[in-house]
Amino acid sequence: MSHKADSGKSYHLKCTGDALSTADAHSKPNDLTLFGSCFCPFVQRVWVALEEFGIDYQVHEVDPYKKPPELLEVSPKGLVPGLKFNNTTPSKSLNESTVILEYLEDLANRDLGKSLLPPTSDLYGRALVRLQADHVNRNLVPAFYKYLQAQDIDKQIEGVKEFLSSIEGLVQLFERAEKESDSKVGLWHAGNSLSLADVVAGPWLFRATNVLKHYRGFTLPEGDKFRVYLDRLVNYPAFKRTCSTEELYLESYERYAYNRPNTSQVANAINLGRALP
Ligand SMILES: N[C@@H](CCC(=O)N[C@@H](CS)C(=O)NCC(=O)O)C(=O)O
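Since this is a predicted model, take the numbers as computed values, not measurements.

### Quick word on the overall build of the chain
Step number 1: The number of helices and strands found in the chain is twelve helices and four strands.
Step number 2: Over its C-alpha atoms the chain spans a radius of gyration of 18 Å, differing by no more than 12% from the 19 Å that the globule rule assigns to 277 residues.
Step number 3: Taking all 277 residues of the chain together, the buried fraction comes to 51%.
Step number 4: Counting contacts in the chain only where the partners sit at least 6 residues apart, residues at least 24 apart contribute 72% of the total.
Step number 5: Carbon and sulfur atoms form 52% of the exposed surface of the chain, whose accessible area is close to 12,900 Å².
Step number 6: In the chain, 32 side chains carry a positive charge and 35 a negative one; their mean positions are 2 Å apart.

Structural data, given as structure tokens:
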């Protein structure tokens, strides 16, 4: 358990490390603009997919808590990520990380012959990967914030249990797909490329290795199969290219770790026991 005190650090506004190099390489105007924030896991999902598919884009870093007008134009609730299409007049845009991912999946399928899912010859296998992603959205993501925002020891113990059980649930779904489908997609299998579930879960699993570790002393059991998977995921090139340095995450998440009032719409929803925005 952490005995450190809130030092009042604020979230970062600019990527660092590998993510900074990637952002710099994507700073020129393009048909697609990704509205993002360096610490945001929902943004990271979309960013990883763009990198994995090799779709070109421009990154535009914004402060989602200040909600500049150009962000509200692409994302009505002022949440990042937003994806703006500049090649139409007037321009069009999409928000919601899962919806943007589906769009990019369709685009990559149609134009590049690439996919984060099993082939259409295995519809059941595709559905099983979607079940994994659905589990992440419903269980793992809220469990992450509940655990991180928990202040009392009792709540933190409950938090770690729930987070671990959401990981266990994901493992069971990976194993189920292994048994019930012939397509072996995703990093659960050595030597593979990313699956939709990897992209959807990766940002929070990565933050478990730095933010949860630092603020809650969280670690996965040694030698665990899941730990091997997680290692593969955080070292996967398209994923790594979107990662900033550890300090950025630790500082950006201090407000969650001390559950400061009005940290974000996500934090408020967790505190009120409501669905995430
Ligand atoms: N459901 C949204 C959630 C996005 C989200 O919550 N993004 C955060 C940053 S990590 C945000 O923009 N927060 C601004 C706020 O809380 O006002 C998605 O999947 O895209």
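### Here we look at the side chain of Asn 210
Step number 1: Along the chain, Asn 210 falls in helix α7 (residues 196-216).
Step number 2: A relative accessible area of 3% means that Asn 210 is categorised as buried.
Step number 3: Those residues in contact with Asn 210 that lie beyond four places of it in its chain are Glu 246, Tyr 249 and Leu 250.

### Describing helix α5 (residues 123-149)
Step number 1: The end-to-end C-alpha distance of α5 is 38 Å, a good match for the 39 Å that 27 residues give at a rise of 1.5 Å each.
Step number 2: Along α5, the largest kink reaches about 40° and is centred on Val 136.

### Some remarks on the sheet that holds strand β2 (residues 58-61)
In sheet architecture, strand pairing relies on hydrogen bonds along the backbone and comes in two forms, parallel and antiparallel.
Step number 1: Read across the open sheet, the four strands follow the order β2-β1-β3-β4; overall the sheet is mixed. The open sheet has two free edges, formed respectively by β2 and β4 (92-95), since each of these has just one partner strand. In this sheet, neighbouring strand axes are inclined to one another by 20° on average, regardless of whether the strands run parallel or antiparallel.
Step number 2: Here strand β1 (residues 32-36) pairs with β2 via four bridges, running parallel. Pairing of Gly 36 across the sheet is with Glu 61, part of β2.
Step number 3: Relative to β1, helix α2 (residues 41-53) is tilted by about 150°, and along the sheet it contacts β1 and β2.

### Considering the pattern of salt bridges
Step number 1: One pass over the full model with this rule turns up nine salt bridges.
Step number 2: The partner of Asp 6 in a salt bridge is Arg 260, and the shortest N-O contact between them spans 2.8 Å. Of this pair, Asp 6 sits in the segment before α1 (17-25) while Arg 260 sits in the loop between α11 (254-257) and α12 (265-272); the two residues are 254 residues apart in sequence, bridging distant segments of the chain.
Step number 3: The closest approach of N and O atoms between Glu 178 and Lys 225, which form a salt bridge, is 4.0 Å. Of this pair, Glu 178 sits in helix α6 (residues 153-180) while Lys 225 sits in helix α8 (residues 225-235), and the two are 47 residues apart along the sequence.
Step number 4: Owing to a relative accessible area of 46%, Lys 225 belongs among the partly exposed residues under this scheme.
Step number 5: One salt-bridge network, in which partners are shared between bridges, spans Asp 6, Glu 254 and Arg 260.

### Overview of the packing of α5 against α7
Step number 1: Close contact between α5 and α7 brings their axes to 9 Å; oriented N to C, the two are set at 20°. Between α5 and α7, the crossing angle belongs to the class labelled roughly parallel. For the crossing formed where α5 meets α7, the hand is left-handed.
Step number 2: Residues belonging to the contact of α5 with α7 are distributed by class as follows: 19 nonpolar, three polar and three charged.

The rules we used
Residues numbered from 1 in each chain as written. Predicted model: local features only at pLDDT ≥ 70, side-chain atom pairs only at ≥ 80, totals over all residues. Heavy atoms only, no water. Helix = DSSP H or I, 4+ residues; strand = E, 2+ residues; numbered from the N terminus. Rg over C-alpha atoms; globule rule 2.2 N^0.38 Å. Buried < 20%, exposed > 50% of the residue type's maximum accessible area, 1.4 Å probe, protein only. Contact = heavy atoms within 4.5 Å. Areas by Shrake-Rupley, 256 points an atom, 1.4 Å probe, with all protein chains shown as cover. Lys, Arg positive; Asp, Glu negative; His and termini not counted. Charge placed at Lys NZ, Arg CZ, Asp CG, Glu CD. Expected span 1.5 Å × (residues − 1). Bend = angle between axes of the 7 residues up to and from the residue. Pairing = 2+ DSSP bridges. Axes fitted to C-alpha atoms, helices over the stretch in contact; angles between N-to-C directions. Salt bridge = Lys/Arg side-chain N within 4 Å of Asp/Glu carboxyl O. Parallel < 35°, antiparallel > 145°, perpendicular 65-115°, else oblique. Left-handed = near helix turned anticlockwise from the far one by under 90°. Nonpolar A, V, L, I, M, F, W, Y, C, P; charged D, E, K, R; others polar.

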